[in-house]
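Below, each chain spelled out in residue letters.
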Amino acid sequence: MESLTSLNMDRQQRVVIDTNNQLWIASPSPGVWRIPLEREAAESGQVTSLVRYDANTHFTAHFHPNGEEIFVLDGIFQDEHGHYPAGTYIRNPPGSFHSPGSDSGCLLYVKLNMFPPHDDDMIRIDTHNANWQPGIQNGLSTLPLHGCGREQTIMLRWQPGTSFPSHQHDGGEEVLVLSGEFHDELGKYKEGVWLRNPAGSSHQPESTEGCLMLVKSGHMSK
Ligand SMILES: [Fe+2]
Ligand SMILES: [Fe+2]
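This section reports on the structure supplied with the text.

Definitions and limits used
Residues numbered from 1 in each chain as written. Chains lettered and ligands numbered in written order. Predicted model: local features only at pLDDT ≥ 70, side-chain atom pairs only at ≥ 80, totals over all residues. Helix = DSSP H or I, 4+ residues; strand = E, 2+ residues; numbered from the N terminus. Buried ≥ 20, exposed ≤ 12 C-beta atoms within 10 Å, placed from the backbone. Contact = placed C-beta atoms within 7 Å. Pairing = 2+ DSSP bridges. Core = buried A, V, L, I, M, F, W, Y, C linked by C-beta atoms within 7 Å. Domains from an automatic or database assignment.

Moving on: the overall build of the protein. Counting its secondary structure elements, the protein contains zero helices and 24 strands. If you line up the protein on its principal axes, its C-alpha atoms span 45 × 40 × 35 Å. Taken over 222 residues, the protein has a buried fraction of 30%. Of the contacts made within the protein by residues no fewer than 6 positions apart, 66% connect residues no fewer than 24 positions apart.

Now for the pairing of strand β8 (residues 82-85). By the bridge criterion, four bridges tie strand β7 (residues 68-79) to β8 in an arrangement that is antiparallel. By the bridge assignment for β8, Ile76 is matched with Pro85. Connecting β7 to the antiparallel partner β8 that follows it, the hairpin turn spans two residues.

Let us look at the nonpolar core. Among the nonpolar cores identified, the biggest contains 34 residues, and Val72, Leu108, Tyr109, Leu176, Val177 and Met213 are the most heavily contacted of them. Looking at this core, you find at least three residues from each of domain 1 (15-126) and domain 2 (131-217). Excluding its chain neighbours within four sequence positions, the residues that come into contact with Met213 are Leu156, Val175, Leu176, Val177 and Leu178.

In this structure, Asn8 takes a positive phi of about 55° despite not being glycine. Inspection of the secondary structure assignment puts Asn8 in the segment before β1 (15-18). Given 15 C-beta atoms within a 10 Å radius, Asn8 is considered partly exposed. Non-glycine residue His118 carries a positive phi angle of around 70°. Its location among the elements puts His118 in the loop between β12 (106-112) and β13 (123-126).

Shown next as structure tokens:
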């Protein structure tokens, strides 16, 4: 039975979760499963989670009071607005409504109810057919997905053997490793690891084998 208490909501705390080792928890909607990463309450408020739809499942129709951000990790996610294969980045702004589901089954990374004020854009980006840009140093390439105020969301690709200078996260940093592995002074992070580095933290990351990651920064305060 899922706890009703909040989880990992002190954003001054560093959190590392290997989602490969977590149990899938049944949602109220049959065939929809979740791994909670951070949440305010069981079924409301701010939530970050992995969500899995079994094949031929449909979630209840719902509004998003303060927005919904989704990255499709596997399979095909769908709603009345379209079909979204793996690699699609989606933003459904505050007040939007949909009836999501999946015929094929799918795996999603979902952040609920965390839109910055005045951010009302509906966004769908097929990251497999988007324009990657050179990163700020050799070995890195980047795909900007969204920016509002100081909050930035990007995909970042590391070539094998790339290291990044020590840097501080003024507004925090949240990473989901999509493939490969990277490491820093505090540990190693392989595919499926989610980590949240608080505002004011710093590290010196490096990737020996190369990796692909989803990175959100600037959304946390001290
Ligand atoms: Fe939704
Ligand atoms: Fe960082």
